[in-house]
Amino acid sequence: LYLHHALIVNLFYIILTFVYIFSKPLSDFENKSQNSTFCSISEILWAFSSYIRTNSIMLVSVYRYIALFKRKLYKKISSSWLYIVSLLALLWFYSAIFPIFWKFVFETKSSRFNCLDGYSKSFAIAIFYFTINRFFILIFPCIITWLNYLLVINSLKQIGKNKKN
């Protein structure tokens with residue numbers, strides 16, 4: 001289920017990216033209030049889709065790690081839809097809260113150009129917003145995923161060596 005979720009979320013990300021690329025004509029409303037609303041929604045959806053995409057991939061790697069190293073926990077999680085859905089709900093909550101949280105912490109707005117996220121009058125705040133978001137969107141999930149798969153591969157190699165002997 002987690003792998004299917006990751007695939008669906010990736011499809012959502014691709015569709016949103018397509019819309020985002022071509023949103024410039026959509027964000028040229030005569031009314032500045034409409035333009036601001038559209039860009040704010042676009043900004044949050046863009047960050048949300050980035051968070052949920054990489055964190056869904058990380059969830060798959062964590063689930064595989066648990067399947068190999070924590071069999072009792074794996075059986076407990078796999079035997080109940082409540083656990084499975086709870087992890088997905090937690091992932092959606094985390095992915096929805098973080099973009100909104102960082103937007104208000106850094107008091108950023110969307111740019112007037114293509115509704116890009118993280119716009120600030122202060123260049124330092126914009127860079128810090130970008131760095132924090134990229135850390136939680138890309139770096140942290142990628143490191144966890146990489147470490148999980150490294151452990152899984154090494155463990156499978158050990159199992160293969162033990163079966164040959």
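Everything numeric in this text was worked out from a predicted model, so none of it was measured. (Residues numbered from 1 in each chain as written. Predicted model: local features only at pLDDT ≥ 70, side-chain atom pairs only at ≥ 80, totals over all residues. Heavy atoms only, no water.)

Trainee: Looking at this structure, I do not really get the overall build of the protein chain. What am I missing?
Mentor: Scanning the protein chain from N- to C-terminus turns up 5 helices and 0 strands. In the protein chain, the order of α-helices and β-strands from amino to carboxyl end is α-α-α-α-α. Along the longest, intermediate and shortest principal axes, the C-alpha atoms of the protein chain span 70 × 35 × 25 Å. Burial analysis of the protein chain (165 residues in total) assigns 36% to the buried set. The long-range fraction of contacts in the protein chain, counting pairs at least 24 apart against all pairs at least 6 apart in sequence, stands at 75%. A total of about 11,000 Å² of accessible surface is found on the protein chain, and carbon and sulfur atoms cover 72% of it. (Helix = DSSP H or I, 4+ residues; strand = E, 2+ residues; numbered from the N terminus. Buried < 20%, exposed > 50% of the residue type's maximum accessible area, 1.4 Å probe, protein only. Contact = heavy atoms within 4.5 Å. Areas by Shrake-Rupley, 256 points an atom, 1.4 Å probe, with all protein chains shown as cover.)

Trainee: Sorry if this is basic, but what is going on with the environment of F140 here?
Mentor: Within the element layout of this structure, F140 appears in helix α5 (residues 123–164). In this structure, the C-alpha to C-alpha distance between F140 and I125, residues 15 residues apart in sequence, is 21 Å. Beyond its immediate stretch of four places on either side in the chain, F140 contacts M58 and F135.

Trainee: Which parts of the structure should I look at to understand the nonpolar core?
Mentor: Considering soluble globular proteins, one finds that nonpolar side chains tend to be buried as a cluster. Counting residues in hydrophobic clusters, the biggest one holds 13 residues, and the most contacted among them are Y2, I52, L59 and I77. Put simply, the parts of the chain that give this core at least two residues each are α1 (2–21), α2 (32–69) and α4 (81–105). A total of 6 residues in this core trace back to one element, the largest contributor, which is α2. If we skip the residues at most four places from it in the chain, I52 touches H5, V9, L91, W92 and S95. (Core = buried A, V, L, I, M, F, W, Y, C linked by side-chain atoms within 4.5 Å.)

Trainee: Would you mind going over α4 with me for this structure?
Mentor: Owing to its 3.6 residues per turn, the α-helix brings residues three or four apart onto one side. For α4, with 25 residues, the first-to-last C-alpha span of 35 Å sits near the 36 Å given by 1.5 Å per residue. One side-chain oxygen of the residue at the start of α4 lies 3.2 Å from the amide nitrogen of L82, identifying that residue as S80. Phi for E107, located one or two positions after α4, is positive at around 50°. (Expected span 1.5 Å × (residues − 1). Polar contact = N/O pair within 3.5 Å; in protein donor to acceptor, adjacent residues only side chain to side chain.)

Trainee: Is there a simple way to explain the packing of aromatic side chains in this structure?
Mentor: Pairs of aromatic rings are described using the distance from one ring centre to the other and the angle between the two planes. Inspection of every chain in the model, using the stated rule, returns 18 aromatic pairs. With centroids separated by 6.4 Å and ring planes inclined at 70°, the aromatic side chains of F12 and F48 adopt a geometry described as edge-to-face. Placement of F12 in helix α1 and of F48 in helix α2 is noted, with a sequence separation of 36 residues between them. Taking relative accessible area as the criterion, F48 reaches 10% and is therefore assigned buried. Ring centres of W102 and F136 lie 6.0 Å apart, and the angle between their planes is 25°; on these two criteria the pair is classed as stacked. Placement of W102 in helix α4 and of F136 in helix α5 is noted, with a sequence separation of 34 residues between them. The class for W102 is buried, based on a relative accessible area of 12%. The partly exposed category is assigned to F136, whose relative accessible area is 21%. Directly above the aromatic system of Y13 lies the positively charged group of R53, at a separation of 4.3 Å from the ring centroid. (Phe/Tyr/Trp six-rings, centres within 6.5 Å; stacked < 30°, edge-to-face > 60°. Lys NZ or Arg CZ within 6 Å of the ring centre and 35° of its normal.)

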